[in-house]
Amino acid sequence: MSYDTETVISFLSGDGAGNFDYRPLDVAGEALTTIGAGADYDRDGLADFVAVDAAGQLLLARGDGRGGFEAEVISSWARDVRAITVPGGHFNPEEAPEAVSRALSDFLAAS
């Protein structure tokens, strides 16, 4: 995934030979404003991710294994989603506990 200066989220699909196809990501015809964690949420062996669209809906985008995604609205009230960068690796709460704690405290204090 890529996020450019025009706030367009794009999908870079690799061909296994070091080449990538760069194209804007369109999920259910909605522009995505925030993209979150990627994982295999439905345990089908394919990459999925969560995102927020322009209407403030939280989406689960399920991968189809061919570079496409089908979105499902999992919450319609995600209007104040914030992305933060925390140094770390596989499990940030364990590798950067102070940074995660500070970010969570700041978020809860503003609520």
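Residues numbered from 1 in each chain as written. Predicted model: local features only at pLDDT ≥ 70, side-chain atom pairs only at ≥ 80, totals over all residues. Heavy atoms only, no water.

Colleague: Describe the sheet that holds strand β5 (residues 48-53), and please don't skip the residues or the numbers.
Modeller: Read across the sheet, 4 strands follow the order β4-β5-β6-β7 without closing on themselves; strand pairing throughout is antiparallel. Across the chains shown, the open sheet's two edge strands, defined by having one partner strand only, are β4 (32-39) and β7 (69-75). Shown here is a sheet whose adjacent strand axes are inclined to one another by a mean of 25°, direction ignored. Both β4 and β5 contribute to a ladder of 5 bridges, which runs antiparallel. Counted as the bridge partner of threonine 34 is valine 52 from β5. (Pairing = 2+ DSSP bridges. Helix = DSSP H or I, 4+ residues; strand = E, 2+ residues; numbered from the N terminus. Axes fitted to C-alpha atoms, helices over the stretch in contact; angles between N-to-C directions.)

Colleague: Could you give an account of the pairing of β5, with specific residues and numbers?
Modeller: With 6 of its 6 residues buried, β5 lies for the most part within the structure. Neither face of β5 is left uncovered, since the one carrying Asp48, Val50 and Val52 and the one carrying Phe49, Ala51 and Asp53 both have all their residues buried. In this antiparallel pair of consecutive strands, β5 and strand β6 (residues 58-63), the connection spans 4 residues, and glycine 56 shows a positive phi of 85°. (Buried < 20%, exposed > 50% of the residue type's maximum accessible area, 1.4 Å probe, protein only.)

Colleague: Pulling in residues and values, what's your account of the pattern of salt bridges?
Modeller: Applying the stated criterion to the full structure yields 3 salt bridges. In this structure, glutamate 72 and arginine 62 form a salt bridge, with 2.7 Å as the shortest nitrogen-oxygen distance. A residue pair is termed long-range when its members are at least 10 positions apart, and glutamate 72 in strand β7 and arginine 62 in strand β6 qualify at 10 residues. On the accessibility criterion, arginine 62 (29% relative accessible area) is partly exposed. The partner of aspartate 64 in a salt bridge is arginine 66, with the nearest N and O atoms 3.5 Å apart. Judged by relative accessible area, arginine 66 falls into the exposed class, the value being 68%. Overlapping salt bridges bring together Asp42, Arg62 and Glu72 as one network. (Salt bridge = Lys/Arg side-chain N within 4 Å of Asp/Glu carboxyl O.)

Colleague: With reference to specific residues and values, describe the packing of aromatic side chains.
Modeller: The final tally for this structure, using the stated rule, is 1 aromatic pair. A ring pair is formed by phenylalanine 49 and phenylalanine 69, whose centres lie 4.9 Å apart and whose planes are at 70°; its orientation type is edge-to-face. Taken together, the positions of phenylalanine 49 in strand β5 and phenylalanine 69 in strand β7 put the pair 20 residues apart, joining distant regions of the chain. Owing to a relative accessible area of 15%, phenylalanine 69 belongs among the buried residues under this scheme. (Phe/Tyr/Trp six-rings, centres within 6.5 Å; stacked < 30°, edge-to-face > 60°.)

Colleague: I'd like a rundown of the nonpolar core, residues and numbers included.
Modeller: Burial of nonpolar side chains together is a common tendency in soluble globular proteins. Counting residues in hydrophobic clusters, the biggest one holds 6 residues: Leu32, Phe49, Ala51, Leu59, Ala61 and Phe69. At the level of elements, β5 and β6 are the ones that each hand at least two residues to this core. Look past the residues within four positions of alanine 51 in its chain and what remains in contact with it is Leu32, Thr34, Ile35, Gly36, Gln57, Leu58 and Leu59. (Core = buried A, V, L, I, M, F, W, Y, C linked by side-chain atoms within 4.5 Å. Contact = heavy atoms within 4.5 Å.)

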